[in-house]
Amino acid sequence: MYSLNVPVPGEVSRLAADLFPQLVGFDRVRERHTLLVKRLGDEDFYTLESRLRQALAGAPAFEARVTGIDSFEQPPRGPGPVVYLAIESPGLVELHKRLAATFEPVAGLEGDDYTPHITLGRGGSLDVDIDPITWTVSQLELFDAKHREVASRIRLPARVRAGRPAPRRPCLRRS
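Conventions used here
- Residues numbered from 1 in each chain as written.
- Predicted model: local features only at pLDDT ≥ 70, side-chain atom pairs only at ≥ 80, totals over all residues.
- Heavy atoms only, no water.
- Helix = DSSP H or I, 4+ residues; strand = E, 2+ residues; numbered from the N terminus.
- Expected span 1.5 Å × (residues − 1).
- Buried < 20%, exposed > 50% of the residue type's maximum accessible area, 1.4 Å probe, protein only.
- Arc of directions from axis to C-beta.
- Phe/Tyr/Trp six-rings, centres within 6.5 Å; stacked < 30°, edge-to-face > 60°.
- Salt bridge = Lys/Arg side-chain N within 4 Å of Asp/Glu carboxyl O.

### Quick word on helix α2 (residues 45-56)
Phase 1: Helix length check: α2, at 12 residues, gives a terminal C-alpha distance of 16 Å against a target of 16 Å (1.5 Å per residue), a fit within 8%.
Phase 2: Restricting attention to buried positions, one finds in α2 the residues Phe45, Leu48, Glu49, Leu52, Arg53, Ala55 and Leu56. Projected down its long axis, α2 shows its buried positions confined to an angular sector of 160°, all on one face.
Phase 3: In the stretch just after α2, Gly58 is the one whose phi turns positive, near 85°.

### So, the packing of aromatic side chains
Phase 1: Overall, the coordinates contain three aromatic pairs when judged by the stated rule.
Phase 2: Measuring from centroid to centroid gives 6.0 Å for Tyr2 and Phe45, while their planes differ by 45°, and the two rings are tilted. Of the two residues, Tyr2 is situated in strand β1 (residues 2-6) and Phe45 in helix α2; the sequence distance between them amounts to 43 residues. The two residues Tyr2 and Phe45 agree in class, both being buried.
Phase 3: Centroid distance Phe45 to Tyr46: 5.2 Å. Interplanar angle 75°. Geometry classified as edge-to-face.

### Here's the deal with the pattern of salt bridges
Phase 1: This structure, assessed with the given rule, holds five salt bridges.
Phase 2: Two residues, Arg53 and Glu49, come together in a salt bridge whose shortest N-O distance is 3.5 Å. Taken together, the positions of Arg53 and Glu49, both in helix α2 and four residues apart, correspond to about one turn of that helix.
Phase 3: By relative accessible area, which is 8% here, Arg53 ends up buried.

Structure below.
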């Protein structure tokens, strides 16, 4: 399964790390913090990346802002509640809609149901005030869940590459 994500800036990662002591009682705590743009499926990497770059052609950089902490009390998948950093970003929502027109939206999670967020954990609650964090999104990451690595990076504004994309670096695993 591939997904397109916004890289989380260091300031947001530090905020999540600062909140960690308040999450230890949760059923599950997210260690890797991501901001999902769109789930993309399992097709061949080169075909997928080519389709993705065509769909993103001309997409501009945009601002994103962590506005607070919220939760999905009854998430569409898995146990709840899910506590997350709420993200406000008209540019991100517009980009998601653009990609949902090319890549089938996941029912209940994407399309009109898309809520930009960074998951902190499941199975707990958190009532904390945080200062907003704003950043400019100028790069996206195509993430390969099977190998748990970034397979490709796409700078914004996005351009279509001529020819076949460069091959991915091999995944080196320790035995």
